[in-house]
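Structural features, examined
Spelled out from the first residue to the last, the chains are:
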Amino acid sequence: MANRAVPQRPNGQTPGKICQFKLVLLGESSVGKSSLVLRFVKGQFHEYQESTIGAAFLTQTIHLNDVAVKFEIWDTAGQERYHSLAPMYYRGAQAAIVVYDITNQDTFERAKNWVKELQRQATPGIVIALAGNKLDLNTMRSVQTDESQTYAYENGLLFMETSAKTSANVTEIFKAIAEKLPKNETTNTAGQGRRLVESEGANKSLSSCCK
Amino acid sequence: MFYSDVDENSFVDDNSQNVSVKLYETEWRYLFNITNIDELRETAIKAKLRTSRFRSVCWRLLLEILPPDSSEWLMAIEKYRSLYETIKSTHYNDPHTQDSGPDDPLSQDEDSIWKQYFKDIELKKIIEQDVIRTSPEVEYFGTKKIRNIMIDILFCYSREHPDLSYRQGMHEILAPLLFVLHCDHQALLHVLEQTSSDVSDLIQKILDPAFLEADAYSLFNIIMEIMKDYYNINDFIISAQKPTKHVKTTSSTCDSEVVQKLSKIRDTMLTKHDPELYGHLLDLDISFTTFGLRWLRLLFGGEFLLIDLLVLWDAIFATSPQDFALVNHIFVAMLVLIRIQLLKSDNTDCLHYLMRYPHVDVMTVIEYALHMLDPKMYMLPSVINSLKHDKSDNIKSNITEHRVERPSKLITYAPRPTRNAADDLLELCRMKLMQYHSILDSAVPIHNKEARQALTGMLELCGMLSSRQGIIEMGKDVVRSTTTPIETLLTPDTPEGGPLLPPPASAITMKVFRKTENSTDSQIQGAPIKNPLKQMKR
């Protein structure tokens, strides 16, 4: 674990390169999307997390070797009735985490639909990770690891079982995504100002927006 | 001015209990012995219901659940209560307890009681998922009783409106309604505890805690009637589209009424009232749907502290009970109030501000919104001009430091302690203090910041002195004085055009709350804030 990514303050050691990525979380209501993000961004967990209405927007930076990877995270509402709004959030995303609850088979089926939709509609080359959340409730499991593992392998997804409650695999899944995202743009340094994703149209077809 | 009618001598009298009852009834008479509902509207718009013990009655009157003539109130309220009973009994059908004839649990027949029964169970599960996550920091919403009431109300509403059914967010419209009713009930119970029979029968019937659920339903139902467009989404299933190589999913996939409304706010209202900000947000390609959907669906419930939110709702219900027209203006006012921050920000930082709206003075929002609605009737708050014309950093526009964590919306539900002589003394002190506050408040000019702060301090003391029982404490207002630099041109406590009404011996007390979490470098926008001390409550 020598090379483990740790969330760091952006005003810490200046890395050589900053890459910024848009990441979206999708999945059925109450599977733990907001909790995963809260654990990743703030290291906190709440037994009862307020329902997300519309979406929440968060940022977090992790460091991989000398590259600072800044995630702009869109945490979406889970209720299926709001499905038609999802494209607004995954449009232009370079990465997605599709979350299900390992104690609830229906949420896994729903996750598969999200994966299908992303593969068809989202930015080509989008990095998709599948997260089987609530690993702390392992004794109540209804989705077997093998089943998800196989599904993820067949569909080219990153896969981890996570627990926002115990923090198992939470940083790890974001780190795995960061590693898989292409960071091969010109090696600009961070000093060149913050020209961010001014227009979603400008960068969306590229899978990376290193500056 | 609920208190001006009260005999001065009664305060000198040691019998503080009589005073409480008198104050209570005086407030009632002040609010409802009116010939013209416009007077009540003015009261509501000027934030004078902030500490009222009859807000739930005012809302019912403003929203026309209660007719203007108070002699008809009992009949009206009984009608609504029995209507709810009927609705509830219609939708609570347990086939286990009745002879379903040829119908059976596996039936796929549309009319099958069993099929409906299983669908209802699913629906309740979906509702419950949100209900149990309603304001987790507030114990009141964590009780089994309140959770069940919320589930029943939302379930009945969904079954009554099958086209819309239940949608996430509705539970957060319902929660403040229950809370306001509950506060009024508690205030009444408190007064009744002090006197055997002096409170009028009408008050007791209107605020009968036994009808919390039915009364909350009628309020919720009438509010949702106007808000349902915000919840309607054309459920356009993307996956039904032809799989093309690279579909640009544009807004056309969800140009529902709420999205159209947001476009209208942007393209006709913001562009008129602040073309510079309009252009800036357009240049940055900020979609109004990303943040506006929540603003509208929760009727700004996610953007304001509860105690400010209720004042905002007072104004909405008072000004435009038919269509909530003020909502659009509030939306624009909220944008303009943070224009300096937005104009300085890039796409990401703008989203941070909009997805997690900073703390602003709610009275300025209301006053500016009213001005846009009716410029002849309502003056433009002076701070808006400064915001638009002075671009220096000196103008802070009543905004607290960005990224200050918000305190939890409202705080704890304290168990009832027994009342003793010390409590009575405290209560008397508190009322005297409020009386002095009231006198000074009308005499101290708004520009005398130090004196105004001292006045705010007096209010804080009133809150701390409160020993009242069974009470919801709200931490809030006072937060402004701990987090705001001395910028409070207009504080909610001192609405222009009228002196402050001191908090009555109501069920509401205030407390000072400070930031509980250290902010980190990362920012959470739109994510709910928790009080970490209470997160593990059962």
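Here the structure is a predicted model, which means the values were calculated and not measured.

Here's the deal with the overall build of chain A
Across its full length, chain A holds six helices and six strands. Helices (α) and strands (β) of chain A occur, in sequence order from the N terminus, as β-α-β-β-α-β-α-β-α-β-α-α. Relative to its 211 residues, chain A shows a buried fraction of 62%. For chain A, contacts bridging at least 24 residues in sequence account for 75% of all contacts bridging at least 6. On chain A, roughly 8,200 Å² of surface is accessible, and the fraction owed to carbon and sulfur atoms is 47%.

Describing the state of the cysteines
Simply put, disulfide is the name for a covalent bond between the sulfur atoms of two cysteines. All names here are of chain B. All told, the structure shown has zero disulfides over all chains when counted by the stated rule. A disulfide-free cysteine, C58 has its sulfur positioned 14 Å from the sulfur of C183, the nearest such atom. Looking at C58, the relative accessible area reads 0%, which means it is buried.

Thoughts on helix α13 (residues 288-297) of chain B
Residue and element names in this part refer to chain B. The element α13 is extensively covered by neighbouring structure, given that 10 of its 10 residues are classed as buried. Every buried residue of α13 is accounted for by F288, T289, T290, F291, G292, L293, R294, W295, L296 and R297. By the N-cap criterion, in which a side-chain oxygen at the helix start approaches the backbone nitrogen of a residue two or three places on, α13 is capped by S287, the distance to T289 being 3.2 Å.

Focus on unusual backbone geometry
Positive phi is not limited to glycine here, since N169 of chain A has a value of about 65°. If you trace the backbone, N169 of chain A turns up in the loop between β6 (158-161) and α5 (170-180). The backbone of F300 of chain B shows a phi angle near 70°, a positive value even though the residue is not glycine. Secondary-structure assignment places F300 of chain B in the loop between α13 and α14 (306-319).

Section: the packing of helix α6 (residues 113-131) of chain B against helix α7 (residues 144-160) of chain B
Any two packed helices are characterised by how steeply their axes cross, that is the angle between the axes, and by the distance between the axes. All names here are of chain B. As a packed pair, α6 and α7 sit with axes 9 Å apart at the nearest point and diverge in direction by 130°. Classed by the angle they form, the pair α6 and α7 counts as oblique. As α6 packs across α7, the resulting crossing turns out to be right-handed. Residues Q116, D120, L123, K124, I127, E128 and V131 of α6 touch α7, and the partners they reach there are R147, M150, I151, L154, F155, S158 and R159. Residues that form the contact of α6 with α7 fall into these classes: seven nonpolar, two polar and five charged.

Looking at the pattern of salt bridges
One pass over the full model with this rule turns up 24 salt bridges over all chains. Between E179 of chain A and K175 of chain A there is a salt bridge; the shortest N-O distance is 3.7 Å. Of the two residues, E179 of chain A and K175 of chain A are both situated in helix α5; the distance of four residues between them amounts to about one turn of the helix. A residue is classified by how much of its surface remains accessible, and E179 of chain A, at 45% relative accessible area, is partly exposed. Note that R41 of chain B and D38 of chain B form a salt bridge whose closest N and O atoms lie 2.8 Å from each other. Here D38 of chain B and R41 of chain B lie together in helix α3 (residues 37-45), a separation of three residues that amounts to about one turn. On the basis of relative accessibility, which here comes to 41%, the residue D38 of chain B falls in the partly exposed class. Taken together, the shared-partner salt bridges connect R60, R81 and D215 of chain B into one network.

Considerations on the packing of aromatic side chains
Residues and elements named next belong to chain B. Evaluation of the coordinates by the stated rule reveals 31 aromatic pairs over all chains. Relative to F220, the ring of Y157 has its centre 5.1 Å away and its plane inclined at 75°; by these criteria the two rings are edge-to-face. Placement of Y157 in helix α7 and of F220 in helix α10 (residues 212-231) is noted, with a sequence separation of 63 residues between them. There is no split in this pair, since Y157 and F220 are both buried. Each ring, one from F288 and one from F331, has its centre 6.2 Å from the other, and the planes form 20°; the classification is stacked. With F288 in helix α13 and F331 in helix α15 (residues 326-337), the pair connects residues that are 43 residues apart, well separated along the chain. Taken together, the ring pairs in this structure connect F288, F291, W295, F304, F331 and Y357 into an aromatic cluster. Residue placement shows K124 over the ring face of F155; its charged tip is 4.7 Å from the ring centre.

Here's the deal with the pairing of strand β5 (residues 127-133) of chain A
Residues and elements named next belong to chain A. For β5, a buried count of seven out of seven residues is recorded, marking the element as mostly surrounded by other parts of the structure. Side chains V127, A129, A131 and N133 of β5 all project onto a buried face; the interleaved residues I128, L130 and G132 project onto the opposite face, where all are buried too. Pairing analysis gives four bridges linking β5 to β6, with the strands arranged parallel. If you follow A129 over to β6, its bridge partner there is L158. The handedness of the β5 to β6 crossover, carried by helix α4 (residues 145-154), is right-handed.

Brief notes about the environment of I340 of chain B
Within the secondary structure layout, I340 of chain B lies in helix α16 (residues 339-344). Linking I340 of chain B and C429 of chain B, residues 89 residues apart in sequence, is a C-alpha distance of 44 Å.

A few points about the confidence of the model for chain A
Residue and element names in this part refer to chain A. With 79% of its residues at a pLDDT of at least 70, chain A reaches an overall mean of 84. Contacts of residues 8-13 to residues separated by more than four positions or lying in other chains number seven contacts, the stretch itself having pLDDT below 50. The model gives residues 186-209 a pLDDT under 50, and that stretch makes 47 contacts with residues more than four places away or in other chains.

Overview of the packing of helix α4 (residues 55-62) of chain B against α14 of chain B
All names here are of chain B. Following both chains from N to C, one finds α4 and α14 inclined at 25°, their axes separated by 9 Å at the closest point. Considering their axes alone, α4 and α14 lie roughly parallel with respect to each other. Like other packed secondary-structure pairs, α4 and α14 cross with a definite hand, here left-handed. Contacts between α4 and α14 involve R55, W59 and L62 from the first element and L310, V311, W313, D314, F317 and A318 from the second. Class assignment of the residues belonging to the contact of α4 with α14 gives a composition of seven nonpolar, no polar and two charged.

Calculation rules
- Residues numbered from 1 in each chain as written.
- Chains lettered and ligands numbered in written order.
- Predicted model: local features only at pLDDT ≥ 70, side-chain atom pairs only at ≥ 80, totals over all residues.
- Heavy atoms only, no water.
- Helix = DSSP H or I, 4+ residues; strand = E, 2+ residues; numbered from the N terminus.
- Buried < 20%, exposed > 50% of the residue type's maximum accessible area, 1.4 Å probe, protein only.
- Contact = heavy atoms within 4.5 Å.
- Areas by Shrake-Rupley, 256 points an atom, 1.4 Å probe, with all protein chains shown as cover.
- Disulfide = S-S within 2.5 Å.
- Polar contact = N/O pair within 3.5 Å; in protein donor to acceptor, adjacent residues only side chain to side chain.
- Axes fitted to C-alpha atoms, helices over the stretch in contact; angles between N-to-C directions.
- Parallel < 35°, antiparallel > 145°, perpendicular 65-115°, else oblique.
- Left-handed = near helix turned anticlockwise from the far one by under 90°.
- Nonpolar A, V, L, I, M, F, W, Y, C, P; charged D, E, K, R; others polar.
- Salt bridge = Lys/Arg side-chain N within 4 Å of Asp/Glu carboxyl O.
- Phe/Tyr/Trp six-rings, centres within 6.5 Å; stacked < 30°, edge-to-face > 60°.
- Lys NZ or Arg CZ within 6 Å of the ring centre and 35° of its normal.
- Pairing = 2+ DSSP bridges.
- Right-handed = clockwise from strand over helix to strand, strands pointing away.
- pLDDT = per-residue confidence, 0-100.

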